[in-house]
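# Coordinate analysis (summary)
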Amino acid sequence: MDPIRNPYVPGAGASPPELAGRHELFTQAGIVLQRALVGKSARSFIATGLRGVGKTVVLGRVQQLAESAGYLTCFVEAHEDKSLGQLLAPPFRKMMLDLDRLGAVTAQVKRGLRVLKSFAGGLRIHHPLGLMIELDVDPERGTADSGDLESDLPDMVSALGQAAKSRRTGVAIFIDEIQYLSQKDMGALIMAMHRVMREGLPVVLAGAGLPHVVALTGQSKSYAERLFAFPELGPLSDEESADALRTPAEREGVNFTKEAVAEVLRITQGYPYFLQEWAYHAWNVAHGETILAGDIQVATEVSLTSLDAGFFRMRYERLTPRERLYCQAMAELGPGAHRSGEIAAQMGSRTQAVAPLRNALIRKGMIYSPAHGDIAFTVPLFENYLHRIKAMGSDPADAED
Ligand SMILES: Nc1ncnc2c1ncn2[C@@H]1O[C@H](COP(=O)(O)OP(=O)(O)OP(=O)(O)O)[C@@H](O)[C@H]1O
Ligand SMILES: [Mg+2]
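Here the residue index of a chain counts from 1 through its sequence in written order. The lettering of chains begins at A and the numbering of ligands begins at 1, in the order of writing. With the structure being a predicted model, the display of local features is reserved for residues of pLDDT at least 70 and the display and counting of side-chain atom pairs for 80 or more, all residues being used for whole-chain, interface and lining totals. Values reported for side chains reflect all heavy atoms of the structure, with hydrogen atoms and water molecules removed beforehand.

### Overview of the side chain of Asp374
Convention followed: Under the DSSP-based scheme used, a helix requires at least four consecutive residues in state H or I and a strand at least two consecutive residues in state E, with every element numbered from the N terminus. Accessible area is worked out with a 1.4 Å probe on protein chains only. A residue is then buried under 20% of its type maximum, exposed over 50%, and partly exposed in between. By the criterion applied in these results, polar contacts are pairs of N or O atoms within 3.5 Å in which, for protein atoms, one can donate a hydrogen and the other can accept it, and in which residues neighboring in sequence qualify only through two side-chain atoms. Contacts are assigned to residue pairs with any non-hydrogen atoms lying within 4.5 Å of each other.
Secondary-structure assignment places Asp374 in strand β10 (residues 374–377). We classify Asp374 as buried; its relative accessible area is 18%. A polar atom in the side chain of Asp374 sits 2.9 Å from the side chain of Arg339. Residues contacting Asp374, with those up to four places away along its chain left out, are Ala337, His338, Arg339, Tyr368 and Ser369.

### Quick word on the sheet that holds strand β4 (residues 203–209)
Pairing between sheet strands relies on hydrogen bonds along the backbone, with the strands arranged either parallel or antiparallel. Worth spelling out the cut-off: Only strands joined by at least two bridges in the DSSP assignment are considered to pair.
Spatially, the five strands line up as an open sheet ordered β2-β3-β4-β1-β5, and their pairing is parallel. Both edges of this open sheet fall to β2 (72–77) and β5 (228–229), since each of them pairs with a single strand only. Pairing of strand β1 (residues 44–48) with β5, which is carried by two bridges, proceeds in the parallel orientation. Along β5, the bridge assignment pairs Phe45 with Ala229.

### A look at the site of ligand 1
The condition that has to hold: Here, proximity means that at least one heavy atom of the residue falls within 4 Å of the molecule or strand. The protein chains shown are the only cover counted for residues, whose accessible areas, like all others here, come from Shrake-Rupley with a 1.4 Å probe. Residue ranges for the domains trace back to a domain assignment, done automatically or taken from a database.
Near ligand 1, the surroundings consist of 25 residues, among which Val9, Gly13, Ala14, Lys55 and Thr56 are the closest. Here Ala14 contributes a backbone N or O atom positioned 2.5 Å from an oxygen atom of ligand 1. Contact between ligand 1 and Thr56: an oxygen atom at 2.7 Å from a side-chain N or O atom of the residue. Here ligand 1 has 640 Å² of accessible area as a free molecule, and 97% of this is covered by the chains. Secondary-structure elements contributing two or more residues to the shell around ligand 1 are α2 (55–68) and α11 (272–285). Shared between two domains, the shell around ligand 1 holds at least three residues of each, these being domain 1 (23–229) and domain 2 (236–309).

### Section: the packing of helix α1 (residues 23–37) against α2
This is how the line gets drawn: For helices, the fitted line uses only the C-alpha atoms of the stretch in contact; every axis is such a line through C-alpha atoms, and the angle between N-to-C directions lies from 0 to 180 degrees. These descriptions rest on fixed angle ranges, namely under 35 degrees for roughly parallel, over 145 for roughly antiparallel, 65 to 115 for roughly perpendicular, and the rest for oblique. Here a crossing is taken to be left-handed if its near helix is turned anticlockwise relative to the far helix by less than a right angle, and right-handed if that turn runs clockwise. Residue polarity follows a fixed list, in which Ala, Val, Leu, Ile, Met, Phe, Trp, Tyr, Cys and Pro are nonpolar, Asp, Glu, Lys and Arg are charged, and the others, Gly among them, are polar.
At a minimum axis separation of 10 Å, α1 and α2 run at an interaxial angle of 40°. Between α1 and α2, the crossing angle belongs to the class labelled oblique. Every pair of crossing elements has a handedness; the one defined by α1 and α2 is right-handed. For the pair formed by α1 and α2, the contact residues are Leu25, Phe26, Ala29 and Leu33 on the first element and Val58, Arg61, Val62, Leu65 and Ala66 on the second. When the residues that make up the contact of α1 with α2 are grouped by side-chain class, the tally is eight nonpolar, no polar and one charged.

### Focus on unusual backbone geometry
Positive phi values are uncommon outside glycine, yet Arg22 reaches one of about 65°. Following the sequence through the fold, Arg22 ends up in the segment before α1. Phi is positive for Arg168, close to 55°, though the residue is something other than glycine. As for its position among the elements, Arg168 is in the loop between α5 (149–166) and β3 (171–176). For Arg168, a relative accessible area of 78% puts it in the exposed group.

### Observations regarding the packing of aromatic side chains
Centre distance and the angle of the planes are the two values used to describe a pair of aromatic rings. Note the cut-off: Only rings of Phe, Tyr and Trp enter the pairing, Trp through its six-membered ring, and a pair is recorded when the two centres are within 6.5 Å. The plane angle decides the type: under 30 degrees is stacked, over 60 is edge-to-face, the rest tilted. In this analysis the charged atom, NZ for Lys or CZ for Arg, is taken to sit over a ring once it is within 6 Å of the ring centre and within 35 degrees of the ring normal.
Counted according to the given criterion, the structure contains 15 aromatic pairs. The interplanar angle of 20° and the centroid separation of 5.2 Å between the aromatic rings of Phe312 and Tyr385 together place this pair among those described as stacked. Of the two residues, Phe312 is situated in helix α13 (residues 311–316) and Tyr385 in helix α17 (residues 382–392); the sequence distance between them amounts to 73 residues. Neither Phe312 nor Tyr385 differs from the other in exposure class; each is buried. Aromatic pair Phe382 and Tyr385: ring centres 5.5 Å apart, planes at 40°, arrangement tilted. Here Phe382 pairs with Tyr385, and both are found in helix α17, just three residues apart, close to one helical turn. In this pair, the class of Phe382 matches that of Tyr385, namely buried. Grouping aromatic residues by their ring pairs yields a cluster made of Tyr271, Tyr273, Phe274, Trp278, Phe311, Phe312, Tyr316, Phe377, Phe382 and Tyr385. When the ring centre of Phe311 is taken as reference, the NZ or CZ atom of Arg315 above it lies at 4.8 Å. Lying over the aromatic face of Tyr316, Arg324 brings its terminal NZ or CZ to 4.7 Å of the ring centre.

### Comments concerning helix α12 (residues 293–309)
For the α-helix, the turn length of 3.6 residues means that residues three or four positions removed from each other point alike. Threshold: A helix is expected to span 1.5 Å multiplied by its residue count minus one. The quantity called bend is, for any residue, the angle between two axes fitted respectively to the seven residues ending at it and the seven beginning at it.
The end-to-end C-alpha distance of α12 is 24 Å, a good match for the 24 Å that 17 residues give at a rise of 1.5 Å each. Ala299 marks the point of greatest bend in α12, at about 25°. Burial in α12 covers these residues: Asp295, Ile296, Ala299, Thr300, Ser303, Leu307 and Asp308. Buried residues along α12 sit in contact with β6 (255–256), α10 (258–268), α11, β7 (290–291), α13 and α17.

Okay, here's the thing in structure tokens:
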């Protein structure tokens, strides 16, 4: 069918043509946003889930909700080698300047600008080449400028919240890939949210990350579990998956047969990224206005080729040769989670000996521990990919090794 009319969007963070499921999360997020605006205690949330399950899309949608509710928002993506202070200072500056422009000067906005200047100054201690924030105000000495983020971030976020409150608005901070924050940065963030919650300020945090982020926050601060909700994003149910496939097609006057839908569900297991990928290719290979089971079979071949060259390979290439062996051992044990000891044995080694490999893979976000001592891939169906490349007999990343 006409590829120009193809509504599906396989891609990281791409807003889907039909955002299926997730209604409960959006309802809860709406309540949190409204409560925080009127100074009622509101639990921020960190959505967790595997790769491609729709975390970024959810954050994007909640950001829209926040903006419609009148919030000032910022969206950042955490990074293995960027500190939280560096990440947040530029958007904080933008939000403070927006607050400044919103109306006549208030004491809180003026103070917010001065605290921001201190905060930026404190960051420079650790990052001499880091960011310079030009602000035409004097810093508020002694606030947010100690250079220790656990003390500076709460000061900064509190001043920001007070400034927003004086303008009768709120601040919503979105942090994607939050599992990449260091334990110290995570601790600072938790303390900042604890502070604004205590002070009843209109500041909301919405984060998203891989499943082990729940453990990470607990290790940073034990009270994190009470401060945040951790909604889990899983694969879509059969009904939601069918909705994700069918609704966009119907808008274009196109139908999927029942068999075609069943086949996509069987292969994709309801993982949103895969649903988009299969639907996208099925659309392109179909001839009439009805997508048939036979079209899905052709689409499967194209989709796998495309995923193997992109979604899967991108992750595989980030691994060292020894990390790849660890992943291969996991794949050989079959789908699902495996005991650390079993994986080590599969490699002909001992748990202790391969622990550094396992830890490196967790840090890279390639594997996680769904339960103590268990290890699983964060990328759905990754074991099948590893079987495919093994059967091919050549390592797709050999060129770089
Ligand atoms: N609820 C949904 N219904 C239909 N499609 C969705 C849904 N959520 C996400 N998608 C699609 O799935 C793909 C992946 O979404 P997204 O990038 O948000 O996942 P993610 O969990 O952030 O992945 P990663 O961990 O790799 O960052 C996109 O193509 C998006 O359009
Ligand atoms: Mg994402």
